[in-house]
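Breakdown of the fold
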Amino acid sequence: MAEVYARGKKPEYLFWVGCAGAYDDRYKKVVRAFAKILAYLGTDYAVLGKEESCTGDPARRAGNEMLYLMQAMRNIELFKTYEIKKIITICPHCYNILKNEYPDLGGKYEVINYIDFIDSAIHQGKLKVDPAVFEDAKVTYHDPCYLGRINGIYEKPRSVLKQMTPHIFEMQRNKSFALCCGAGGGQMFKEAEKGSKEVYMERTEEALGTGADVIATACPFCMTMLTDGIKYKNKTENVKNLDIAEMVAESLNL
Amino acid sequence: MVKQYFFAVAILATLVFFTLTAVRIIRFFRMTKPAFPVRDLAKRFIVMLTIAFGQTRILRKPFTGLMHALVFWGFCVILMGSAEMIIDGLFGTERSLHFLGGFYDFMIASGDISALIIGVAIILFLGRRILLHVKRFEGIEMKAISHIDANIALLMILFLMLTLQGLNITYCEIKVLNQEAIVGFYPVSRLFMGLFSSVPESVLKVWYEIFWWSHILTIFIFAGYLPYSKHFHVFMSVPNVFLSRLYQPGKLTNMEHVTREVRLMMDPNFDFGMPASDIPAERFGIKDAEDISWKNYLDSLACTECGRCTAVCPANITGKRLSPRKIMMDTRARMKEKGPGLVKNGKSFDDHRSLIRDYITEEELWACTTCNACARECPICINQPELIVDMRRYLVMEEGAVPGLLKVTFNNIENNGAPWAYSPEDRLLWAKDLEIRMN
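Everything quoted here is computed from the prediction, not taken from an experiment.

Let's talk about the packing of helix α13 (residues 324-345) of chain B against helix α17 (residues 384-399) of chain B
Residues and elements named next belong to chain B.
- Contact geometry for α13 and α17: axes closest at 10 Å, N-to-C directions at 70°. Relative to α17, the element α13 is oriented roughly perpendicular. Residues P324, I327, M328 and T331 of α13 form the contact with α17, whose own contacting residues are Q384, L387, I388 and M391.
- Of the residues assigned to the contact of α13 with α17, the class counts are 6 nonpolar, 2 polar and no charged.

Put into structure tokens, the structure is as follows:
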């Protein structure tokens, strides 16, 4: 962003990568896939790169309001510097806090979730996925809490998946009834409390119970959790955990 | 005339007792903190119509939801009949609202049918509670008293329905015997008229009086008992829905004094439009009863311990101690315990106990994933995660009592802008050698 801006250009979108996109090896592939889609569409965007910093979401939900505010205010200042108006996010936690909680601090932007972005590109005919790639895949979709229950985005991910495969199997707890993967609210970064089971195992078992061979997700933390679950269940050979963006990129042969 | 006097005394006693209870609870509310300004009345009205009167959320469980909805709608209809009974009791009249004509027939008929439906539903509810093992009704917070409380209320409602049907049947019977016109329309009671067919009129009249009085007196006792029971729900749930948070689900709200502090830290010249001394220094987050907002307290009073929240909580499902229902029950219990002392001695009152630790453990608070399934499920819009995060805020910002790994996470965010200990310089590694194809 800094370079583009220095050249006197103002890209239409800021692509907010998020911490998992920057540092998690598995999730970097998702970001690459989505970046390919953005390039394919000729989207005018830039990333903040080393200037990007945590939205403060995990701190806020773990009770550290002070740290959240420092992060949020810093980011809002940065957005102001680059005159940012539209932000595309992939992580639902970043999406939620930028869209719904930054405005309380004066940071008001058009925040677009990547699923929305892909879905509208498909509807505008700009993305023509090849239905042959995932034709035989049996897919189940895990609703991330911060995309589904909190922001009401249930249908669009399913509609994107339907472009790629007719075989979609719903888990028993789906949409607003969906079970959390266990990573939200700061849980991603700490040990779970004592219990009889890990939350992600409960959810993985439910996903595997559908007989699907692809568990589609739309959140980096859900991906970590479910990938671990598949590993513990020794199903890595038969079941893949893919992000919707990866599936779309693959269906476009990008 | 004697009857009227007795009735007046009974209703007065009920009102006095109820007022005393209400005053006590209002005083507790005075000890709470502000939540949000109550605006958008039109929107609130619609929310109340759909979620409270339309029962949309409880119907997410179709069968028990429908049972509850039938009981609720029946209750609303029967309430009109109860109002008539109060007028009749005070003025010595009989069926005083009959001048309403067609609406009266409709009101009486639906009350008559509802009494049967509610009676059946209550028997099912009782049977389910006593005979079946419903997981949702168990848990560490569900003590023997919780179950007794539930069954007492159900039995009282069943008794109310039986006496209502009884008084309707004997009323119809007496009118038929005297060849007088029956005021109102009684589709169910007329079917059961055979039950009293061989009973002489004098005995029928005694039965009628017994049914009438036991019905109305049970209503008075019920009204007095409710605020001391989880069934305070009956009074509080509709207001709780009307006063629900209208903002995005899962949204956390700003803490004004923390925001101010951070703003000043980042820009010492920031103008707030008022001097710092106008904002009272207060505790960060929630530690105890006096820190909760009026909405938190209202939530806790409206909770009827149905456990829909706990049944969908990922932490609870996987055997962790956290139960969103317990958070609500503990909040209510703590206010009951500390409230009188707060009212008497002011907000600085300290009984050396607190909501955190003496009621709710840190372990419970740290088990929440803020997935908001509990809040989504609650049929009357209680918000449990907000309270949980507010208690975390206390633990983190007042005590620094944070699980070890989260402390590391906070440090990482503070030092390198990410929850993990990686350098910001590496943020673009994902884009290395990325091959792109333009359309």
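Quick look at the environment of L41(B)
All names here are of chain B.
- Note on placement: L41 falls in helix α2 (residues 41-53).
- Overall, the relative accessible area of 51% leaves L41 in the exposed class.
- For the pair formed by L41 and L243, sequence separation is 202 residues and the distance between their alpha carbons is 9.3 Å.

Quick word on the interface of chain B and chain A
- Facing the 68 residues of chain B at the interface are 74 residues of chain A.
- In this assembly, chain B packs against chain A so that about 6200 Å² is buried in total across both faces, 63% of it on carbon and sulfur atoms.
- It is W420(B), R427(B) and W430(B) that lose the most area in chain B upon contact with chain A, and together they represent 13% of the buried surface on that side.
- Taken together, the links from chain B to chain A amount to 4 salt bridges.
- One salt bridge connects K50(A) with E425(B), and the closest N-O pair in it is separated by 3.9 Å.
- Remark: the boundary between chain B and chain A carries 30 residue pairs in polar contact (both at pLDDT 80 or more).
- For the side of chain B that touches chain A, the secondary structure elements donating two or more residues are α9 (256-266), α12 (314-317), α15 (362-366), α16 (373-377), α17 and α18 (404-416) of chain B.
- Here the side of chain B that touches chain A gets 7 residues from one element, more than from any other, and that element is α9(B).

Remarks on the pattern of salt bridges
All names here are of chain B.
- Taken as a whole, this structure holds 50 salt bridges over all chains when the rule is applied.
- For the salt bridge of R357 with E362, the shortest nitrogen-to-oxygen distance reads 2.9 Å.
- Taking the relative accessible area as the measure of exposure, R357 reaches 38% and is therefore partly exposed.
- A relative accessible area of 27% means that E362 is categorised as partly exposed.

Some thoughts on the sheet that holds strand β3 (residues 86-89) of chain A
Residues and elements named next belong to chain A.
- Strand order in this open sheet of 4 strands is β2-β1-β3-β4, and the pairing throughout is parallel. Taken across any chain shown, the strands that pair with only one partner, and hence form the sheet edges, are β2 (45-46) and β4 (110-113).
- Of the strand pairs in this sheet, strand β1 (residues 13-16) and β2 are connected by 2 bridges, and their pairing is parallel. Bridge pairing links L14 to A46 in β2.
- With respect to the sheet, helix α6 (residues 92-101) is in contact with β1, β3 and β4, its orientation differing from that of β4 by roughly 160°.

Some details on the nonpolar core
- Ranked by size, the top nonpolar core spans 147 residues in total, and within it F34(A), F79(A), I118(A) and V248(A) carry the most contacts.
- Examining the composition of this core, we find that 9 residues originate from one element, helix α3 (residues 25-40) of chain A, more than from any other.
- A domain split of this core shows at least three residues from each of domain 1 (2-118) and domain 2 (129-251) of chain A.
- In this structure F79(A) touches L14(A), W16(A), L48(A), I84(A), I87(A), L98(A), Y102(A) and Y109(A), once residues within four positions along its chain are discounted.
- If you look at the next biggest cluster of nonpolar residues, it comprises 44 residues, including F7(B), Y171(B), I174(B) and M193(B).

Things to note about the pairing of β4(A)
Residue and element names in this part refer to chain A.
- For β3 and β4, the ladder comprises 4 bridges, and the chain directions are parallel. The residue of β4 that forms the bridge with K86 is E110.
- You can see the chain leave β3, run along α6 and come back into β4, and the turn it takes is right-handed.

Rules used throughout
Residues numbered from 1 in each chain as written. Chains lettered and ligands numbered in written order. Predicted model: local features only at pLDDT ≥ 70, side-chain atom pairs only at ≥ 80, totals over all residues. Heavy atoms only, no water. Axes fitted to C-alpha atoms, helices over the stretch in contact; angles between N-to-C directions. Helix = DSSP H or I, 4+ residues; strand = E, 2+ residues; numbered from the N terminus. Parallel < 35°, antiparallel > 145°, perpendicular 65-115°, else oblique. Contact = heavy atoms within 4.5 Å. Nonpolar A, V, L, I, M, F, W, Y, C, P; charged D, E, K, R; others polar. Buried < 20%, exposed > 50% of the residue type's maximum accessible area, 1.4 Å probe, protein only. Buried area = accessible area lost by both parts, 1.4 Å probe. Salt bridge = Lys/Arg side-chain N within 4 Å of Asp/Glu carboxyl O. Polar contact = N/O pair within 3.5 Å; in protein donor to acceptor, adjacent residues only side chain to side chain. Pairing = 2+ DSSP bridges. Core = buried A, V, L, I, M, F, W, Y, C linked by side-chain atoms within 4.5 Å. Domains from an automatic or database assignment. Right-handed = clockwise from strand over helix to strand, strands pointing away.

This is a description of form; function is not addressed.
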